[in-house]
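Chain by chain, the residues run as shown.
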Amino acid sequence: MAGTAVLRRLSWQVGTVAESRPETATAVTLALDLPEWTTHLAGQHVDVRLTAPDGYSTQRSYSIASAPSPGRVEITVQRVEDGEVSPYLVDVARPGDELELRGPIGGYFVWRAADPEPVLLVAGGSGIVPLMAMARTRAAAGSRTPMRLIYSVRGPEDAIYADELRRRVRDDHGLDVSYAYTRRAPDGWNGVAGRVDAARLGAGGWPADLAPRIFVCGPTGFVETVADLLVDAGHDPGRIRTERFGPTGG
Amino acid sequence: MTETWVDGNALGGALGEIFAMDVTAALGRCAGCGRVGPVGEAQVFTRAAGAVARCAGCESVLIRVVTAPDRVFLDLHGLSFLELRPAPATP
């Protein structure tokens, strides 16, 4: 049965925060030690559940940021003002704290390093997280599959993983990254601020003839716009996988 | 203003406690319009008690799942079939 998952239902497990690493002013990466964790696929997510002393319990979904690694998983959490879960994970959770977690979840929005087709990733804000897992998984697998990322952020200070992406473009052969700065472009940047549009998708993406696999992740409106633009540009809707954030995030 | 929704992926956790195979990657047929597609493409609304997945083609209800402390209510009457397959574990 090599290469086939052992079929089992998901259940909650307890993870211990090993590290809390700031990414931007409002986002942190939490590395979690999970003794029962075996592996995951790039693009999958986990559900995190917090329970108050009075028994009130609430949960949210977070994309996995890391490449597969037994016993360890990383999530990157963007603080949502008025959220019920993210402010705790961003501002309070510290090494040694325990969290309840369920996963890995999802077989739809996933990329496998064995897939030969070129890949286009389009991220809006913290929608970068599952797409970063794909770039990291590609490098960890030694894949040469051409992969291009278009990353839409408000300004340069909002870009999560910016340093690592710069390094990967230099070191990981066949990875390209382009940015769309929607409000404030960095000083000396050769371009104009603005949203992802057909021209940016054309310049930073792949022609439809190459039939790339496409993954789009971000807020609902962003994903809707980008998916429509890609279909207008001739991409097969069946090759476009999307993951939208909810209205509350949290 | 239309209510916002998320993708079928969002049901993965709740359904993953019920099914041993991933339902979000499964192909489902809408009992309303006959559209066949991955459950991950459905439109999921989470404002109601529990979650409701609607067909991306005709907006008929495909799946309703409500998780209570001691039980789960699952309504699949909007799906006329589901084609599930075990996913390869290799990354």
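With reference to specific residues and values, describe helix α3 (residues 162-171) of chain A.
All names here are of chain A. Restricting attention to buried positions, one finds in α3 the residues Ala162, Glu164, Leu165 and Arg168. The buried residues of α3 occupy an angular sector of 160° when projected down its axis, which confines them to one face. In α3, the exposed residues that point more than 90 degrees away from the buried face are Asp163, Arg166 and Arg170. Contacts from the buried residues of α3 go to α2 (128-140), β8 (147-153) and β9 (175-181).

Tell me about the pattern of salt bridges, residues and numbers included.
Residues and elements named next belong to chain A. Evaluation of the coordinates by the stated rule reveals 26 salt bridges over all chains. As a salt-bridge pair, Arg136 and Glu164 come within 2.6 Å of each other at their nearest N and O atoms. Of this pair, Arg136 sits in helix α2 while Glu164 sits in helix α3; the two residues are 28 residues apart in sequence, bridging distant segments of the chain. Assessed through its relative accessible area of 9%, Arg136 is described here as buried. Its relative accessible area of 16% is what places Glu164 among the buried residues.

Explain the pairing of strand β6 (residues 98-105) of chain A residue by residue, including any values.
All names here are of chain A. Taken together, the five bridges between strand β1 (residues 12-24) and β6 define a ladder with antiparallel strand orientation. By the bridge assignment, Thr16 is partnered in β6 with Glu98. Sheet topology note: the strand β3 (residues 45-51)/β6 ladder contains four bridges and is antiparallel. Directly across from Asp47, in β6, lies its bridge partner Arg102.

Let's hear about the interface of chain A and chain B: which residues, and what values?
The interface is formed by 32 residues belonging to chain A together with 27 residues belonging to chain B. Taking both sides of the interface into account, the surface hidden between chain A and chain B amounts to around 2400 Å²; carbon and sulfur atoms contribute 56%. Remark: the boundary between chain A and chain B carries two salt bridges. One salt bridge in this structure joins A:Arg102 and B:Glu17, with 2.8 Å as the shortest N-O distance.

With reference to specific residues and values, describe the sheet that holds strand β11 (residues 240-245) of chain A.
Residue and element names in this part refer to chain A. In space, the five strands of this open sheet follow the order β9-β8-β7-β10-β11, with parallel pairing throughout. Of all the strands in the sheet, just β9 and β11 have a single pairing partner and so form its edges. Averaged over neighbouring strand pairs, the angle between their axes works out to 10° when direction is ignored. The pairing of β8 with β9 spans seven bridges and is parallel. In the strand pairing of β9, Ile150 is matched with Ser178. Packing against the sheet, α2 makes contact with β7 (119-124), β8, β9, β10 (213-219) and β11, and its axis sits at approximately 155° to β8.

Parameters at a glance
- Residues numbered from 1 in each chain as written.
- Chains lettered and ligands numbered in written order.
- Predicted model: local features only at pLDDT ≥ 70, side-chain atom pairs only at ≥ 80, totals over all residues.
- Heavy atoms only, no water.
- Buried < 20%, exposed > 50% of the residue type's maximum accessible area, 1.4 Å probe, protein only.
- Helix = DSSP H or I, 4+ residues; strand = E, 2+ residues; numbered from the N terminus.
- Arc of directions from axis to C-beta.
- Contact = heavy atoms within 4.5 Å.
- Salt bridge = Lys/Arg side-chain N within 4 Å of Asp/Glu carboxyl O.
- Pairing = 2+ DSSP bridges.
- Buried area = accessible area lost by both parts, 1.4 Å probe.
- Axes fitted to C-alpha atoms, helices over the stretch in contact; angles between N-to-C directions.

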